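Working through the structure, step by step
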Amino acid sequence: MMNAEVQVSYVPTWCPGCGNFGIINALKKALANLNLDDTVLVTGIGCSSKISQYVNTYRIETLHGRALPVATGVKLANHKLNVIVNGGDGDGMGLGMGHFIHTARRNPNLSYFIHNNQIYGLTKGQPSPTSEQGMLTKFSPAPLGNVERPINIVRQALTAGATFVARGFTTNLAQLTELMIKAIAHPGFAVVDILQPCVSFNKLNTYQWYQQRVIPVETMEGYDPSDLDKAITLAATWGDQIPTGLFYQVIRPTLEETLPQLAAGALVHKRLDDSNITGLMQQFK
């Protein structure tokens with residue numbers, strides 16, 4: 001983290017009661033527990049992505065849906081940095097879906113915390129890729145509501161190849177903090193789907209709605225976080241029960257470990273002086 005003397009003066013602009021307040025609370029507890037140096041938060045665009053303005057770390061706010069490739073670039077440029085990505089369900093599962101799939105299969109050492117409120121909140125309530133089918137909004141009115149089927153983030157992460165996959169709920173601060181700590185410490189691409197009500201625009205998936213359904217995944221039959229097939233089966237559970245916790249974890253070589261440029265050790269940076277700059281320019285004449 002940055003020098004303690006540097007103070008962030010931004011005041012959160014989230015709506016009162018927003019689930020993002022629980023997420024930032026858990027993130028700060030996780031960072032304090034790990035006592036990390038040189039941490040970078042990379043975000044996209046949306047209510048969730050404002051979080052980097054309210055945490056005292058280095059930060060990069062990117063274009064909509066582009067947080068993961070930028071974060072991968074940061075990690076490869078300086079693989080000693082602790083890189084954490086925050087973004088919403090619309091940011092990551094809409095425009096950013098292609099980047100999500102390829103980041104999962106590459107397995108860079110990143111943590112990706114997805115603020116999943118099942119709505120586009122910053123743009124005032126359009127259905128997102130994770131919105132319930134049939135959900136009524138001012139952009140998807142009765143009688144049909146949202147006509148599209150939602151993406152299950154946990155199942156998507158598992159099938160794409162993420163090596164740490166979990167789901168948390170914003171009001172279960174102890175569980176969410178623990179999942180964040182484990183995700184940041186995991187050597188590889190770690191995904192945490194965080195259920196967070198949008199009190200302004202999502203009138204279906206409320207705090208009460210979730211509290212009646214969330215259940216620890218480790219209490220469910222067949223739970224084994226080392227078994228991918230069982231994790232995928234449990235991830236498909238959504239309705240009267242919504243499992244939260246660690247679904248799957250496996251250790252595989254990270255992208256940084258497999259790249260020839262990094263496999264032998266630290267990056268070698270060549271100093272570009274006048275002579276080799278001139279040589280480079282000659283190649284393109």
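Residues numbered from 1 in each chain as written. Predicted model: local features only at pLDDT ≥ 70, side-chain atom pairs only at ≥ 80, totals over all residues. Heavy atoms only, no water.

Per the counting criterion, the structure on display carries 1 cavity of 30 Å³ or more. In this structure, the largest cavity is lined by Gly65, Ala67, Leu68, Asp91, Gly92, Gly96 and Tyr112. Considering only residue class, the lining of the largest cavity consists of 3 nonpolar, 3 polar and 1 charged. (1 Å grid on protein atoms, 1.4 Å probe; cavity = no way out; pocket = protein on both sides within 12 Å on 5 of 7 lines; lining within 4 Å. Points joined across faces, edges and corners; volume = space filled by probe spheres on them. Nonpolar A, V, L, I, M, F, W, Y, C, P; charged D, E, K, R; others polar.)

Membership of the largest hydrophobic core comes to 33 residues, with the highest contact counts inside it found for Phe100, Phe189 and Phe247. Of all the elements in the fold, those that place two or more residues in this core are strand S1 (39–43), helix H2 (67–77), strand S3 (82–88), helix H4 (97–106), strand S4 (111–116), helix H5 (153–160), helix H8 (228–235) and strand S8 (242–249). The biggest single contributor to this core is H5, with 5 residues. The residues touching phenylalanine 247, leaving out its near neighbours within four places in the chain, are Val154, Val165, Ala166, Arg167, Val217, Tyr223, Asp224, Pro225, Ala231, Leu234 and Ala235. Residues Ile23, Ala30, Phe113 and Ile181 belong to the second largest nonpolar core, which totals 27 residues. (Core = buried A, V, L, I, M, F, W, Y, C linked by side-chain atoms within 4.5 Å. Buried < 20%, exposed > 50% of the residue type's maximum accessible area, 1.4 Å probe, protein only. Helix = DSSP H or I, 4+ residues; strand = E, 2+ residues; numbered from the N terminus. Contact = heavy atoms within 4.5 Å.)

This next bit is on the pattern of salt bridges. In total, this model carries 3 salt bridges according to the counting rule given. Two residues, aspartate 193 and arginine 167, come together in a salt bridge whose shortest N-O distance is 3.2 Å. Note that aspartate 193 is positioned in strand S6 (residues 190–195) and arginine 167 in strand S5 (residues 164–169), a separation of 26 residues in sequence. Between lysine 182 and glutamate 178 there is a salt bridge whose closest N-O contact spans 3.1 Å. Of this pair, lysine 182 and glutamate 178 both sit in helix H6 (residues 173–185), separated by 4 residues, roughly a single helical turn. (Salt bridge = Lys/Arg side-chain N within 4 Å of Asp/Glu carboxyl O.)

Here we take up H2. Among the residues making up H2, those that are buried are Ala67, Leu68, Ala71, Thr72, Val74 and Lys75. Mapping the buried residues of H2 onto a view down its axis gives an arc of 160°, with all of them on the same face. (Arc of directions from axis to C-beta.)

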